Amino acid sequence: MATLFVAGMNHRSAGVELREQLALEEDKLRGILADLNDRGLCAEVMILSTCNRVEVYGLAEAPGEARAAAFRALGAARGVSLAQVEPCLYHKTESEAVLHAFRVAASLDSMILGEPQILGQVKDAFALAQSCRTVGPTLHALMTQAFSVAKRIRTETEVGRHAVSASYAAVELARKIFGSLEDKAVLLVGAGEMGELAARHLMEQGAMPVYVANRTWSRAQDLAQALSGTAVPYEQFPATMAAVDVVITSTAAPEPIVRALEVDRALHSRRHRPLFFIDLAVPRNVEPAVNDLEGAFCYDVDDLRLVVEANLRERHKEAQRAEALVEREVAKFAARLRDLEVVPTIVSLREKLETIRLGELDKALSRLPAASDETRQVMEALSQAIVNKVLHAPIVKLKDSTRQGHHARLAELISELFGLRRPQREREP
Amino acid sequence: MNAVLYDVALTAYIIATASALGYLLGRRDGLSRFTVLATETGWVLHTLALVVRGVELGRVPLMSLAETVSVVIWVTVFLELWAERAYRVKVLGAFVLPVVLVLGLALPTGLRVLVLTPAATSAWVKVHVALSLVGLAALVLNFAAAVMYLLQERQLKTKHPGTVYYRLPSLETLDRLSYRTLTLGFPFLTTGLLLGVFSAGKAWGSPFAYDPLALFSSVMWAVYAATLSGRAAGRWRGRRAAYFALAGFCVLLLTLGAGVLLQGKHGT
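Keep in mind it's a predicted model, so treat the numbers as computed, not measured.

**Observations regarding the domain arrangement of chain A**
Parsing chain A into structural domains produces domain 1 (3–160), domain 2 (166–309) and domain 3 (348–418). One C-alpha centre belongs to domain 1 of chain A, the other to domain 3 of chain A; they are set 41 Å apart.

Written out as structure tokens, the structure reads:
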């Protein structure tokens, strides 16, 4: 019986130097996939290659051999020997492999828990293997299930929610203050890259218009143009605060440039509608006292980092729920996989009896040349009924056996008794 | 029959409250749906209980304290279900239902039975009571929104996001909810109280003659009137408005307490 396996390395098991040497371009992967399949090492195989992991998923009679061949080939391109790779590899089979596949697709095994790219990467790897015709029913079932599990986890848990980068964390905070960011005005003080990034994130959520103030007027104008905003003279930025909802500061000023007194004035003139300060500068651009003013919220880089940490903790708590969900799905899938294993036996058993039936029917009818259409029909129906009755019990038993786990033995026995050719599925090339 | 229905409804509210608190502090989305279901079930049973009682008594169930509290709860739960949907504030139940329970369990038990004197049961009095109760129910929600606002504002100011931070909606949503419930409740309260003044003038000779409930009600009205005018003028919002909402609710509780504990002209 062929075994489902996964072998590979990820950000925990191997250093980046090794991982990047094994990350190959698509053409090379195609070659390796076809080779593993042609040589009969893997009946089914796909390779997932991202910057954080290189993994081979497959179905093989001898998974150890298949793994060695796969990683020898993956290393060969850049002259990395199997001996160098081997200590960093993990190897899982059957339900452990299923669990691994589900966890990877659902981003529970990712370096940044819940990051969304991995699902797309798994889908790409699957599509590549499909185009190389190295995907059979087992990998197909495994991956479609993995995709649906990943989707469920994304919608039913919050493992992918809550920002894990400072600039996105700032956007989320803004949403916790303003609800929708639609038509919220932004003032960007300083032309730093971080500030620009944060402004862009806010704009993606509908924030507009954007004002840019910078000591160098031409830089302010350039950045304003890049963000389709308006440049305001640097001296006027305190006055502009009254007209905006979010102020992002990222200047290199050695001491605070946003004073509590000015903010208080701005808040007063905007009737204490909230004003959110994102201070990305070090040393800080916004006086700490600003946060004490009613309606003002000020987050500096350290605060944002704390929020990111809290967000990650939240993701980890959610991950526990996700893991429970994955485990339930693995159990379900194992049952499906076992069902899948008896299908070829059932098919060849049916084929065998059908061949016998048609042969014997032909023989009998040739001895009855004068038989009427009615007779022929009756004989046809009779032979079919006999075959179906004979097949009924073994097929039911075989299907039931998957639940008790002795289906492999039973399938073999049936093949032996009925003289079936060994079920090959679509594994052989 | 009516008592059984009322007990079952109350049980559903208790279950809904536990579930709502569980949702606020835990992390099971199912609890949010369950809370709504339990609340709706409770409300439907409660409606039936009120109808049955009305039929049994052959009058609107608004004459005794137990009846009025029951109606306040009924309207509050209805408004809560509406606001939760309209403002997509899934945790609203966790802040409204406990208040409902306190009212439902504590007020009618062991305290003076307050029943309006038959003399004071003109149609206008009934309208006075009904309108005031709708106003009170909206103000219970106003209180819940204010508490939620202050909690969330605190989380944002101290920069230490806890479980509540992730569950509560934005400050903007909470501020709008608090304003909306005030603008909804205040006209009812005002009209209700005016009718009260009008009826009292006729029944007692003087609108406020030594009646604690009437006196406290006017203080309560004044606090809410101040909050509303401050908000409408754009001077108060957010935290300040939330503090006023809390103050208003404290007076509201005192008013109810006065009605229950102190002897006055509202009942015997």
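**Quick word on the packing of helix α5 (residues 94–105) of chain A against helix α7 (residues 137–156) of chain A**
All names here are of chain A. Taken N-terminus to C-terminus, the directions of α5 and α7 make an angle of 45°; their axes are 8 Å apart at the nearest point. With respect to α7, the element α5 is oriented oblique. In the crossing of α5 with α7, the sense of the turn from one axis to the other is right-handed. Two secondary-structure elements touch here, α5 through V98, A101, F102 and A105 and α7 through L142, A146, F147, V149 and A150. Here the contact of α5 with α7 is composed, by residue class, of nine nonpolar, no polar and no charged.

**Some thoughts on the interface of chain B and chain A**
In this complex, chain B contributes 17 residues to the contact, which on the side of chain A involves 23 residues. Taken together, the elements giving at least two residues each to the side of chain B that touches chain A come down to α5 (123–158), α7 (171–204) and α9 (238–261) of chain B. Its residues placed into classes, the side of chain B that touches chain A shows four nonpolar, four polar and nine charged.

**Describing the pairing of strand β10 (residues 296–300) of chain A**
All names here are of chain A. Taking burial as the measure, the five residues of β10 include five buried ones, the bulk of the element. Along β10, one buried face is formed by A296, C298 and D300 and the opposite face, lined by F297 and Y299, is buried too. Pairing of strand β9 (residues 275–279) with β10, which is carried by five bridges, proceeds in the parallel orientation. Of the residues in β10, the one forming a bridge with I278 is Y299.

**A word on the sheet that holds strand β2 (residues 44–49) of chain A**
All names here are of chain A. Strand order across the open sheet formed by four strands is β2-β3-β1-β4, with antiparallel pairing between neighbours. One side of each edge strand has no neighbouring strand; the edge strands of this open sheet are β2 and β4 (90–93). Going across the sheet, the axis of each strand differs from the next one's by a mean of 15°, ignoring polarity. Pairing geometry for strand β1 (residues 3–10) and β4, over four bridges, is antiparallel. What sits directly across from F5, in β4, is T93. Relative to the sheet, α5 contacts β1, β3 (53–60) and β4, its axis offset from that of β1 by approximately 45°.

Rules of the game
In every chain, residue numbers begin from 1 and rise along the written sequence. To read the labels, note that chains go from A and ligands from 1, taken in the order they are written. Two thresholds apply to this predicted model, a pLDDT of at least 70 for residue-level local features and 80 or more for giving and counting side-chain atom pairs, whereas whole-chain, interface and lining totals are computed over all residues. As annotated, the domain borders come from an automatic or database domain assignment. Simply put, an axis is a line fit to the C-alpha atoms, just over the touching stretch for a helix, and the angle between two N-to-C directions goes from 0 to 180 degrees. Runs of H or I in DSSP of at least four residues are treated as helices and runs of E of at least two as strands, each being numbered from the N terminus. When an angle is under 35 degrees it counts as roughly parallel; over 145 it counts as roughly antiparallel; between 65 and 115 it counts as roughly perpendicular; any other value is oblique. Should the near helix be turned anticlockwise from the far one by less than a right angle, the crossing is left-handed, and should it be turned clockwise, the crossing is right-handed. Each residue gets a C-beta atom placed from its backbone, and two residues are in contact if those atoms lie within 7 Å. Amino acids outside the nonpolar list (Ala, Val, Leu, Ile, Met, Phe, Trp, Tyr, Cys, Pro) and the charged list (Asp, Glu, Lys, Arg) are all regarded as polar, and Gly is one of them. The burial criterion counts other C-beta atoms lying within 10 Å of a residue's C-beta, which is placed from the backbone; the residue is buried at 20 or more, exposed at 12 or fewer, and partly exposed between these limits. The criterion for strand pairing is that DSSP finds at least two bridges linking the strands in question.

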